[in-house]
Every structure is written in C-alpha cells, then in structure tokens.
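Working through the structure, step by step
Okay, here's what each chain looks like letter by letter:
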Amino acid sequence: MKHLLKMLDLSSEEIFEILNLADQLKYELKHNIPHPYLKGKALGLIFQKASTRTRVSFETGMYQLGGHALFLSADDLQIGRGEPVQDTARVLSRYLDGIMIRTFEQKEVEDLAEYGSIPIINGLTDFSHPCQVLADLMTIREFKNSFDDLKMCFIGDGNNMANSLIVGALKVGMSVSIACPDGYRPDAQILEFVKEYGDKFSMTDKPLEAAKDADVLITDVWSSMGMEEEIEKRKIAFKGYQINDEVMAQAKPDAMVLHCLPAHREEEITARVFEAHANEIFEEAENRLHAQKAVMVKLMK
Ligand code: CP
Ligand code: NVA
C-alpha cells in the first residue's frame, strides 16, 4: 500500500490491517502508552474545502505519532494561482514525508500520487472519502464486534460517502442496501464494482425498503461541499430520504446510526434519531483520529 486514494484500491486484507492497527493505537492512547512511530516525519495538509474533523484529527494524530503536520490552505499556495499539481507534487515530495489533500476532483489526488514520490492520502474528493469510511468501519466493528451477517443501509445522496461506504462495507463482508433518488445514484465505477457481489448489494428509491432489517443505518448531507448552489433543488429531490422513526422501525431493534458530520437536523436525519444515537456518531468522529493514525503509520513509517 503506497497511497490512500480511494476504497476501490484497498484489498480486504489491507482494510483489516488498518482497522487492527487503529484499534491498537486507540488502546495505546487511552492507556498513555507512547507511540512515536513517525518521529521526525512531516505531513502536509492541503485543503481546498472547509474542514473541522479532518484537519484537527490529522494535525493532532501526527503530533501524537511524534511527527509534524503543516496546514496548507489552497488559497495561500501557488496551486490556488494555477501552479500545476504535477509541479507542486514534485516540489513538496522534496520537503515532506506525506501529503493529505482535500479537493474537488479525484483526478487531482491521483495526479499528486503519480507525479510525487511520497504517500498521498485522500482527505475527501467529490468521488470518495476513504478516511471517513475507515473510521466508520472501525466504529461498526467496535459496537457490533464483527462484520459477519451485518447489513449496512445508506439513505440519501449517492455521493463521496455512499461511493466509499458501499465499497468498504462489501469488502469487509457486510451486505449493503442503498436508497437514493433517481439522478443521485452512486458513481458508475461503483455500480460496476458491486456487480461481483451479486445480491449482497441492492439499490432502490424507497428508504423504508432499504432499511428493512438493517444493522447499521447511515446518511449524509443532501448538498455536499461545492454543491451549495443546488440546495433548493436538492431539498425537493431528497424529501423523504431521511433517517427518522419510521425508517428506524424497519431496521433491527439494536440497529446503530452513523453520520460523518456535519449533520443537518430535520433534513437527512431527525434531531430525535440523531440524539438517540449520539454516542455512536461521536465515537465515529473520534475514530477518525485513530483510523488516520493507522493509515499514516502504514504509509509513512
Ligand atoms: N466528516 C468530515 O470529513 O468532517 P470535516 O469536513 O469537518 O473534516
Ligand atoms: N458529502 C459531504 C461529506 C462531508 C464530510 C461533502 O462532501 O460535503
């Protein structure tokens, strides 16, 4: 494993190795066991979109691993004035030991990996959000002990989160159902990938049908970053694509709920369901730190 660009690139074995290491690092942190595996290493964090969790968990995680993280706002880099990503990659490779990038196009992340000579970590693109999904899988295993016989249901936009969750969940052995409106389905590459999983994957436009007997329910905002101008159109398209009491009644009685955050209460999830599952959702947010530390150790040690 040289980079973390998208879930499609990871084997099941690599996912389990990351999750096991993440559990170990979480244990070490909670028990005050030092783990400076990246002493003397530097990670650049390039952000072309806003972030709370990703930025803070990468900066803190790198510090806990004994290394240093540099926040690089795209507005202040020459990349924001048109310097090609190919040149940026070759320059930064001479100063840093790794780069995390949050941007719009997946191609930009893939180009950084192609032209640079250091590990690249995708901190979210319009296509995928692998760091979030590794934390989600870690949280599911923590609450349910194993992935065996679990059904994950995603309700909402077939966006970066849906694309990555579908792949991650199938690769660790869960079955997956997704409910999304016409016109907001997951990426064609993902719909091609699911074909090898037969009836372990299903897609519908009916949230109640998708939620039936689910062990894990997940949703995400109706308008992702960069799509804000479509917000009114999307509010109409996604009406009814909400995790609420009616949807929860279809799921298993002990079903858990996850949300990558930020959440819009009364849009994709009701405040009631959100608060009833807040312990799972905020453990998920915490697990960003542990899962990403595992990724950094795997790539940069
Ligand atoms: N879930 C997530 O990636 O959060 P941020 O946008 O705050 O980083
Ligand atoms: N789908 C959301 C996820 C935010 C963490 C977005 O891209 O804005």
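Residues numbered from 1 in each chain as written. Chains lettered and ligands numbered in written order. Predicted model: local features only at pLDDT ≥ 70, side-chain atom pairs only at ≥ 80, totals over all residues. Heavy atoms only, no water.

Comments concerning the site of ligand 1
Around ligand 1, the neighbouring residues are Ser 51, Thr 52, Arg 53, Thr 54, Arg 102, His 129, Gln 132, Cys 260, Leu 261 and Arg 288. Contact distances for ligand 1 include 2.8 Å between an oxygen atom and a side-chain N or O atom of Arg 102. Taking Cys 260, its main chain carries an N or O atom lying 2.9 Å from a nitrogen atom of ligand 1. For ligand 1, the protein covers 95% of the area, taking 260 Å² as the surface of the free molecule. Residue composition of the shell around ligand 1, grouped by class: two nonpolar, five polar and three charged. (Near = heavy atom within 4 Å. Polar contact = N/O pair within 3.5 Å; in protein donor to acceptor, adjacent residues only side chain to side chain. Areas by Shrake-Rupley, 256 points an atom, 1.4 Å probe, with all protein chains shown as cover. Nonpolar A, V, L, I, M, F, W, Y, C, P; charged D, E, K, R; others polar.)

Here we look at the state of the cysteines
Per the stated rule, a full pass over the model turns up zero disulfides. Cys 180 provides the cysteine sulfur closest to Cys 153, a residue in no disulfide bond, and the two sulfurs are 11 Å apart. The thiol of Cys 260 is not disulfide-bonded; the next cysteine sulfur, from Cys 131, is found 12 Å away. (Disulfide = S-S within 2.5 Å.)

Description of the pattern of salt bridges
Should the charged atoms of two oppositely charged side chains come close, the side chains can pair. Scanning the entire structure with this criterion turns up 21 salt bridges. A salt bridge links Asp 9 to Lys 6; the nearest nitrogen and oxygen atoms lie 3.0 Å apart. Taking relative accessible area as the criterion, Asp 9 reaches 39% and is therefore assigned partly exposed. A relative accessible area of 13% means that Lys 6 is categorised as buried. Lys 107 serves as the salt-bridge partner of Asp 111, at 2.9 Å between the closest nitrogen and oxygen. Of the two residues, Asp 111 and Lys 107 are both situated in helix H4 (residues 106-115); the distance of four residues between them amounts to about one turn of the helix. Among the residues examined, Asp 111 registers a relative accessible area of 11% and is labelled buried. It is possible to trace a salt-bridge network through shared partners that takes in Lys 6, Asp 9 and Glu 110. (Salt bridge = Lys/Arg side-chain N within 4 Å of Asp/Glu carboxyl O. Buried < 20%, exposed > 50% of the residue type's maximum accessible area, 1.4 Å probe, protein only. Helix = DSSP H or I, 4+ residues; strand = E, 2+ residues; numbered from the N terminus.)

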